[in-house]
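Here is what each chain is made of, one letter per residue.
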Amino acid sequence: MTDIEMVDLLDGASWRCVATDPDTVTEPGKLDDVEGRWLSATVPGTVASALRAVDGDPAARSAVVDDSDWWFVTELPGRRPHAGPWRLLSDGLATHCDIWVDDRLVASSVSMFVPVAVLLPDLPAGCSVALRFRSLTAELRMRRPRGRWRSTLVSAQGLRWIRTSLLGRAPVFSGVPAPVGPWRPLRILPGRAPRTRGVRVDTSVHGEVGVVRVSGAVTGCASATKVTVRIGEATVDAQLAQSDAGDREFAVVVEIPRVSPWWPHTHGDSPLYDLSIESGGRTLSSRRIGFRDIRIERGPAFNGFAVYVNGVEVFCRGAVWTPTDPIGLNDRDGTRRTLERVAEAGINMIRIPGTMVYETDEFWSDCAELGIMVWQDVMLATLDPPDDPEFENLLVGEVTHLLRRRGGNPALVVLSGGSETEQQPTMLGSVDRHVRAVHEILPALASAEAPGVAYVSSSPSVPADSSMLPTRLSSGVSHYFGVGAYRRPLGDVRQTRVRFAAECLAFAVPPSDRAVEKHFGSAAVAGHDPRWKAAVPRDRGSSWDFEDVRDHYVRSVFHEDPAEVRWSDPERYLDLGRAAICEAVGESFQFWRRPDSGCAGALVLALRDLEPGPGWGLLDWAGAPKAPWFVLRSLSRPVCVLVTDDGLDGLRIDVRNDTTGTVDGELRVRSHTRNGAVSLDVAEAVRIAPHDGLSWSLDALIGRFTDLSHAFRFGPQVHDSLTVTLLGPAGEVLDERVRLLGGSARPLERSVGLTATARQDRAGAWIVDVRTEALAQYVRLDVPGFDPVDSWFHLAAGSGRAVPLRPSEECSGEQPVRVVGRVGALNSLVSAPIVADTLLSQDVHRID
């Protein structure tokens, strides 16, 4: 919610910060004697962001900020006193903080996630505001009761008592500093100015009518008898009534006829309505709301977990969110660009895990506007939440603030009691998995504050009335790393029957060659250099890391020894690793998106890296796509072709239509032999209803037995690839899938005949037309200054694809005047240069 604009005494304030030894400086008057280095600081911001501004990114990432007390200080402008009263408001202080005005302690905060509000009298001219952030290392030395289990995520078990982020405090998040400082906005506003407090907004849909329930309190409107709630063109007056707390309360119900429902962007439009609360002609607060109906199907009878939006089951595909700037935690532009990329890729859900931080108002506004659903964990992870009144009060305040601030935002779909708060004790052998915080307090709070949001006790979890354990993947919400950390074969997704993977498919994903060269010098560092290995994810205490996992799939999928390849050709070693991850993502999501898979959603761990190197992210630390991003993007399109192998039943084709419109067109199926000849070419007219799909056995579609996949082993393998293309009414390509037949291990050819031509369309945008003479496996584009919309795809012999280019972030939005780069393939020793515009073959087509 946005409060009315008013004068802020801290607007434009110049802040500085300094470290002191714990408890050596306990009041601001003694700061003059501090001999430490003062740093310029920004608010909102962190100690690490101040260090980065002076010493650079590496110094900020390696700083151990929890060991010191940190003071942030500023002076109010002006030579005359500021007549009060004034209201000091903070949206977040990380983590144990004392607030001083001159030599007076006015407030203390012990939670990173609970806002602070303080009423101040007249402020002297030139008075100072000082924030003392107490050393968390010192706080953790305090003896407190132990939990029922020891978390494997962190070494400092006392963190279970502290309401703060695990960023920088769990070894799995390497290269990230702990957040310390005023990480959210801090303001001093007029105390008598009209303002709202404790506003709740609930939306629901009844037929075509949208219903909005708005309640809250108003201060600073002594003469007012009512407030006006405005939603679009509808206005309703709400009478003010005196409360026991001295505020004046209101409650009102507004009905919107013929409301337009909000959909995730893959399934329809995402309209929003402006809501404002006004008094005396002034807007006191405002927000944007949407109308959607959320239903979660789960329970022993269903034995699963599925999200229904407006009565339609939605296959939720996406990734686990990480902050785009884990150092400063306030990257407005980077967050917006990342969310736009997410929406463009067909991703419709992101999960904010309980190890991170709650995101900004702008983040949530962007998700609502872009049609991205959000699964929000409460910031609880693997640790045993204490059954302690003070802790529980902090948790209630934290989640109440979260839900009221997000009230009416249609993007909030699921609220979870945390990350692995049930799985961790189960895996450690605990019989008592009942956690008062997640099984009693939070569900009651969610029901009262956000009745239109689904509550899940934890991620992962099983239905409350189920006798199954939260480690079971075929029931409820799971974290699936069978394909991944547990090195199961790619076909394990069929055996395990995942119902909903809130985390899955974690690998050490190498960034692009250009990113590797920029930050590490060359690919020769991969697999052994300490700088490289420091960024490879690993579980605490394990004897392996996720690069070992990636190497395992290089062996099992491509039948090559990664150690031998790395010895002689480190660039190809990284390409094989990228391709192995693409295979894992591709095989898993093609099966999961089938309507009979039993899976209703899968979220990859993770969306974006936290530091330079081969992290879990589908995007690197700068937001640039990595290889599996393109595979997930291809398989997340609202209108999508899937080709899967059903063993002796042969190949199966599925076409999914998530949109609100009927898809009319033609399904064309082509196969090629090893010498490039077309061995099969059939077409069938199709009509796919909205939010529906069609499925075919390939042999049934053709009308005869073919054994294209060579499952029966009758004679030598003849067919080399299968191309399935969905064409629209005008012959445009809606989607296309190329499947390699006979396995993914392909001989390395000197050349497969790749060519690449750059041209500009009528709007001036660049496009690269790629063609190949022979089968090209995992075609990749390297175009400095540009991000290709598509890459890491297969091309059948004699075929091509038009790939649009977009200026990369390093170009600051300015499009380069020419395209220079190369196009290569995993099975080709040589790559092809991108050359100037030539006449195009009409067989080259475009898939956006």
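Nothing here was measured: the structure is a model prediction, and the numbers come from that model. (Residues numbered from 1 in each chain as written. Predicted model: local features only at pLDDT ≥ 70, side-chain atom pairs only at ≥ 80, totals over all residues. Heavy atoms only, no water.)

Draft legend 1. Summary view of the overall build of the protein. Counting secondary structure elements, the protein contains 16 helices and 44 strands. If one aligns the C-alpha atoms of the protein with their principal axes, the spans along those axes are about 90 × 65 × 60 Å. When burial is assessed residue by residue, the protein has 60% of its 848 residues classed as buried. On the protein, roughly 33,400 Å² of surface is accessible, and the fraction owed to carbon and sulfur atoms is 49%. Positive and negative charge centroids in the protein, built from 92 and 110 side chains respectively, lie 1 Å apart. (Helix = DSSP H or I, 4+ residues; strand = E, 2+ residues; numbered from the N terminus. Buried < 20%, exposed > 50% of the residue type's maximum accessible area, 1.4 Å probe, protein only. Areas by Shrake-Rupley, 256 points an atom, 1.4 Å probe, with all protein chains shown as cover. Lys, Arg positive; Asp, Glu negative; His and termini not counted. Charge placed at Lys NZ, Arg CZ, Asp CG, Glu CD.)

Draft legend 2. Representation of helix α6 (residues 389-405). End to end, α6 covers 24 Å across 17 residues, agreeing with the expected 24 Å (1.5 Å per residue, within 8%). Taken together, the buried positions of α6 are occupied by F391, E392, L394, L395, E398, V399, T400, L402 and L403. Packing partners of the buried residues in α6 comprise β24 (373-377), β25 (412-416) and α8 (436-449). For α6, the N-terminal capping position is held by D388, with its side-chain oxygen 3.1 Å away from the main-chain nitrogen of E390. (Expected span 1.5 Å × (residues − 1). Contact = heavy atoms within 4.5 Å. Polar contact = N/O pair within 3.5 Å; in protein donor to acceptor, adjacent residues only side chain to side chain.)

Draft legend 3. How the structure looks around the environment of W544. Counting through the fold element by element, W544 comes out in the loop between α11 (530-534) and α12 (546-558). Between the C-alpha atoms of W544 and A485, which are 59 residues apart in sequence, the distance is 9.5 Å. Setting aside residues up to four positions removed in sequence, W544 forms contacts with A485, R538, D539 and V549.

Draft legend 4. How the structure looks around the sheet that holds strand β41 (residues 793-795). Pairing is mixed in the open sheet, where eight strands are placed in the order β40-β42-β38-β37-β44-β43-β39-β41. The open sheet terminates on both sides in strands that have one partner only, identified here as β40 (786-788) and β41. Between one strand and the next, the sheet's axes are offset by a mean angle of 35°, whatever the strand orientation. Relative to strand β38 (residues 766-771), strand β37 (residues 755-760) runs antiparallel, the two sharing six bridges. Paired with T755 across the two strands is R771, which belongs to β38. (Pairing = 2+ DSSP bridges. Axes fitted to C-alpha atoms, helices over the stretch in contact; angles between N-to-C directions.)

Draft legend 5. Spotlight on the pattern of salt bridges. Counted under the stated rule, the structure contains 64 salt bridges. For E369, the salt bridge is made with R336, and the minimal N-O distance between the two is 3.1 Å. Pair noted here: E369 is in helix α5 (residues 361-370) and R336 is in helix α4 (residues 332-344), with a separation of 33 residues, a long-range link. The network of salt bridges with common partners includes D23, D69, D98, R132, R134 and E139. (Salt bridge = Lys/Arg side-chain N within 4 Å of Asp/Glu carboxyl O.)

Draft legend 6. Region of the structure containing helix α14 (residues 570-592). An ideal rise of 1.5 Å per residue puts 33 Å on 23 residues; α14 measures up with 33 Å between its terminal C-alpha atoms. In terms of burial, α14 is largely enclosed, as 21 of its 23 residues are buried.

Draft legend 7. Structural view of the state of the cysteines. Inspection of the entire model under this criterion finds zero disulfides. C97 supplies the cysteine sulfur nearest to C17, a cysteine that is in no disulfide, at a spacing of 13 Å. Its relative accessible area of 0% is what places C17 among the buried residues. The cysteine C316 is free of any disulfide, with C599 supplying the nearest cysteine sulfur at 9.4 Å. (Disulfide = S-S within 2.5 Å.)

Draft legend 8. Quick look at the packing of aromatic side chains. Across all of its chains, the model carries 18 aromatic pairs by this definition. Ring plane angle 25° and centroid distance 5.6 Å describe the contact between W375 and F500, whose orientation is recorded as stacked. Here W375 is found in strand β24, whereas its partner F500 is found in strand β28 (residues 500-504), with 125 residues between them in sequence. Taking the centre distance of 5.4 Å and the plane angle of 75° together, the rings of F705 and F712 count as edge-to-face. In textbook terms, an aromatic cluster arises when at least three aromatic residues are bridged by ring pairs, as seen for F113, W183 and Y358. Geometry around W38 places R16 over its ring, the cationic atom sitting 4.0 Å from the centre. Lying over the aromatic face of F793, R801 brings its terminal NZ or CZ to 4.5 Å of the ring centre. (Phe/Tyr/Trp six-rings, centres within 6.5 Å; stacked < 30°, edge-to-face > 60°. Lys NZ or Arg CZ within 6 Å of the ring centre and 35° of its normal.)

Draft legend 9. Highlighting the nonpolar core. One finds F589 and W592 to be the most contacted residues of the largest nonpolar core, which totals 145 residues. Counting residues per element, this core draws most heavily on α14, at twelve residues. Setting aside residues up to four positions removed in sequence, F589 forms contacts with F315, R317, L505, A602, V604, L632 and L635. Among the nonpolar cores identified, the runner-up in size contains 36 residues, and V106, V116, V118 and L120 belong to it. (Core = buried A, V, L, I, M, F, W, Y, C linked by side-chain atoms within 4.5 Å.)

Draft legend 10. View of the confidence of the model for the protein. This prediction gives the protein a mean pLDDT of 93; 96% of its residues lie at or above 70. A low-confidence stretch, residues 838-844 (pLDDT under 50), is modelled with nine contacts involving residues beyond four sequence positions or located in other chains. (pLDDT = per-residue confidence, 0-100.)

Draft legend 11. Spotlight on a nonpolar patch on the surface. A grouping of L648, F705, F712 and F714 is seen on the molecular surface, where their side chains present a nonpolar patch of about 450 Å² in accessible area. Among the secondary structure elements, F714 is positioned in the loop between α16 (698-702) and β35 (719-727). Relative accessible area serves as the criterion here: at 60%, F714 is assigned to the exposed category. (Patch = residues over 30% accessible without salt bridge, like charges linked within 9 Å, V, L, I, M, F, W, Y side chains within 5 Å.)

Draft legend 12. Broad picture of the sheet that holds strand β12 (residues 209-219). One open sheet holds the four strands; their spatial order is β11-β12-β16-β15, and the pairing between them is antiparallel. Sheet topology places β11 (195-206) and β15 (241-242) at the edges, where each strand pairs with a single neighbour. Judged from the ten bridges that link them, β11 and β12 form a sheet pairing that is antiparallel. Bridge pairing in β12 places R197 opposite A217.

Draft legend 13. Representation of the pairing of strand β16 (residues 248-256) within the structure. Burial along β16 is one-sided: the face carrying R248, F250, V252, V254 and I256 is buried and the face carrying E249, A251, V253 and E255 is not. Judged from the two bridges that link them, β15 and β16 form a sheet pairing that is antiparallel. Pairing of Q242 across the sheet is with R248, part of β16.

Draft legend 14. Just a positive patch on the surface, in detail. Taken together, the side chains of R143, R146, R150 and R540 make up a positively charged region of the molecular surface. Mapped onto the secondary structure, R146 falls in the loop between α3 (136-140) and β10 (186-190).

Draft legend 15. Region of the structure containing the environment of L740. Among the secondary structure elements, L740 is positioned in strand β36 (residues 733-740). For the pair L740 and S478, spaced 262 residues apart in the sequence, the C-alpha separation amounts to 30 Å. Setting aside residues no more than four positions away along its own chain, L740 makes contact with D720, S721, R746, L775, Q777 and H794.

Draft legend 16. Up close: unusual backbone geometry. Here the residue pair G84 and P85 is connected by a cis peptide bond, since its omega of 5° sits within 30 degrees of zero. As for its placement among the helices and strands, P85 is situated in the loop between β4 (69-75) and β5 (86-90). A cis amide bond links A94 with the next residue in sequence, T95, at an omega value of 0°. At R497, a position not held by glycine, the phi torsion is positive, near 55°. Along the chain, R497 falls in the loop between α9 (492-496) and β28. Overall, the relative accessible area of 31% leaves R497 in the partly exposed class.

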